[in-house]
Every structure is written in structure tokens, then in C-alpha cells.
Amino acid sequence: MIRVAHAALPLSLATLALFTPGTACAFEATQRQDGVTLHYRDASDAVPEAIRTRIIDTFFKAYLPQRADFHPHAASEVAIVIDPAYDGIAYVGEKAKASTITINPAWLAKHTGDTDLVTHEAMHIVQGYPEYANARVPGWLVEGIADYARDRYGVDNAAAGWALPLTVKEGQTAETGYRVTGAFLKWSEAAHPGLVKALDGALRSGRYTPALWQTHTGHTLPDLWTAYAKAATR
Ligand SMILES: [Zn+2]
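Everything numeric here is computed off the predicted structure, so don't read it as measured data.

## Quick word on the pairing of strand β5 (residues 100-103)
Then, in step 1: Side chains of β5 alternate between two faces, with T100 and T102 and I101 and I103 buried alike.
Then, in step 2: Bridging between strand β3 (residues 77-82) and β5 involves 4 bridges; their strand directions are parallel. The residue of β5 that forms the bridge with V81 is T102.
Then, in step 3: Strand direction decides the pairing type here: strand β4 (residues 90-92) and β5, joined by 3 bridges, are antiparallel. Among the inter-strand pairings, Y91 is bridged to a residue of β5, identified as T102.

Listed below in C-alpha cells is the structure:
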């Protein structure tokens, strides 16, 4: 997901209590690969070494090709911050936090195979769109592209039981977002190679309009979805 900075909650007293000096020892590491530097910070050493190693490995395996394929000028300095005070799953923020992936360690403790959540979040850094969740940068498309990328660049999605859906359920549309939109993008990209890259570029430069679907596929967005839904239910 993407989280807007102004929605950040203040630290509560209960949260601060978790950081009583002496009860936690911080883990920090910096790694470089092919021009990208990753700063990994886990202030309370909440994530076990085996999972930490997989997270860092997954980050480089996903981010380097995502960046090369979609946005070579995307951040070359990235941070992964393990934050027990964050009660979601993982997010990339705005402005100063636009190249920081924050992860809730409690989620990883319960879903130890879900290290490709980093692949979804890394794509948000590559996206680096100037806005989020409005007509120029629709949230459903931003999250759909991130899940399309998780499928395409993921290291071990099967370990999390994660996959793009093969069928369409009643009530779903192109604008449902996340995996539903991701599967639709994968099908559309196969029929119209270059579509996702074109959409991504338009979103980044503020040129996105629904008419782009017609330009790149010859079909309106609703018509393309109808064709996909028909193919997916066969
Ligand atoms: Zn996301």
C-alpha cells in the first residue's frame, strides 16, 4: 500500500513503552548492489535473521530489475524500517519517506513466507508518482501495478500462497485494485505489450487519463475489462 504522510498517527505512550532502554538491541545494516544502497533498520531487532536475510535478498532481486525496466532514475538510496508501532502490513510513504519501506514485524512473525511484500512495496518506490488516490493517479491503478509487479518480479510468492487470481468474481471491476487489477493488467499486457510501462510513465508525469487505455489497446477500459472477464471465466 501507499500511506500518505499526513495520515501518520502520533506515537502513543503505549508504543513508547515498547522501547524501554535495555530491553531491545538494534540491528542496522547497509548493503550496496549495482548502484543501489539499502539501509536496513530494525530498532528492536524484532525480525529473526533468517527472515531478515530473505527480505534483503528479495529487495535487491525485485527492485533492481523493476527500476531498470520502469524508472532508471528511481531512488538509489532506499531504507527498510522494521516498525513494531505500525499496525498495518507494510507501506511506502510520501516526500521524505518516498524511498522508505516500513514493515510491521508482527505481520512477518505470523506470515513468515510473505517476504515478497517487499516486492510490492519496492515497486511503489519505482513508481514515485507525484500524487496518490485522485483522478490523475487513481489508487486502484497504483496498487494494481504494484501487485502486477509482485507477480512478475516476486522471488517466492508461492511461499506465501500468493498468486494473481485466475477468475473474476461477481462485482469486481478493473478498478477493484490490488490483485484483481494486477491480474487484469497481466492479461492486458500479454495482448498489448508495453501497456503497463505506458500507464506507469503517464502516471509519473501527470498525463494519465482513462483515454490512454483506448490509445494503447484500441478498447475503452470498461470494454477491455469485459473481454478479460469473459476470458477469465472460461
Ligand atoms: Zn501498495
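## Thoughts on unusual backbone geometry
Then, in step 1: A positive phi angle, near 50°, is found at D45, a position not held by glycine.
Then, in step 2: Take D45: it is sitting in the loop between β2 (36-42) and α2 (49-70).

## Describing the nonpolar core
Then, in step 1: In terms of nonpolar packing, the biggest core is built from 61 residues, with F59, Y63, I80, I103, L141, Y208 and W213 touching the most fellow members.
Then, in step 2: Per-element accounting of this core gives the leading share, 9 residues, to α2.

## Details of the packing of helix α6 (residues 178-191) against helix α9 (residues 221-232)
Then, in step 1: At a closest axis distance of 10 Å, the pairing of α6 and α9 adopts a crossing angle of 90°. Taken together, the axes of α6 and α9 are roughly perpendicular relative to one another. Between α6, through V180, A183, F184, W187 and S188, and α9, the contact on the second element is made entirely by L221, L224, W225, A227, Y228 and A231.
Then, in step 2: Residue classes in the contact of α6 with α9 are distributed as 10 nonpolar, 1 polar and no charged.

## Digging into the sheet that holds β5
Then, in step 1: The sheet built from 5 strands is open, its strands ordered β1-β2-β3-β5-β4 with mixed pairing. Each edge of the open sheet carries a strand with a single partner, namely β1 (27-33) and β4. The average angle at which neighbouring strand axes cross in this sheet is 15°, direction not considered.
Then, in step 2: Bridge analysis of β2 against β3 gives 6 bridges, and the strand direction is parallel. Paired with D42 across the two strands is I82, which belongs to β3.
Then, in step 3: Each of β1, β2, β3 and β5 is contacted by α2, which is oriented at about 150° to β2, the strand it contacts most.
Then, in step 4: Where helix α4 (residues 117-127) meets the sheet, it contacts β3, β4 and β5, and its direction lies at approximately 150° from that of β5.

## Points about the packing of aromatic side chains
Then, in step 1: What the rule picks out here adds up to 9 aromatic pairs.
Then, in step 2: Between F27 and Y40 the ring centres are 6.0 Å apart and the planes differ by 75°, which places this aromatic pair in the edge-to-face class. Residue F27 is located in strand β1, and its partner Y40 is located in strand β2; the two are separated by 13 residues in the primary sequence.
Then, in step 3: Aromatic rings pair up to connect F184, W187, W213, W225 and Y228 into one cluster.
Then, in step 4: Here the basic side chain of R52 rests over the ring of F27, its NZ or CZ set 3.3 Å away from the ring centre.

Reading the values: rules and limits
- Residues numbered from 1 in each chain as written.
- Predicted model: local features only at pLDDT ≥ 70, side-chain atom pairs only at ≥ 80, totals over all residues.
- Heavy atoms only, no water.
- Buried < 20%, exposed > 50% of the residue type's maximum accessible area, 1.4 Å probe, protein only.
- Helix = DSSP H or I, 4+ residues; strand = E, 2+ residues; numbered from the N terminus.
- Pairing = 2+ DSSP bridges.
- Core = buried A, V, L, I, M, F, W, Y, C linked by side-chain atoms within 4.5 Å.
- Axes fitted to C-alpha atoms, helices over the stretch in contact; angles between N-to-C directions.
- Parallel < 35°, antiparallel > 145°, perpendicular 65-115°, else oblique.
- Contact = heavy atoms within 4.5 Å.
- Nonpolar A, V, L, I, M, F, W, Y, C, P; charged D, E, K, R; others polar.
- Phe/Tyr/Trp six-rings, centres within 6.5 Å; stacked < 30°, edge-to-face > 60°.
- Lys NZ or Arg CZ within 6 Å of the ring centre and 35° of its normal.

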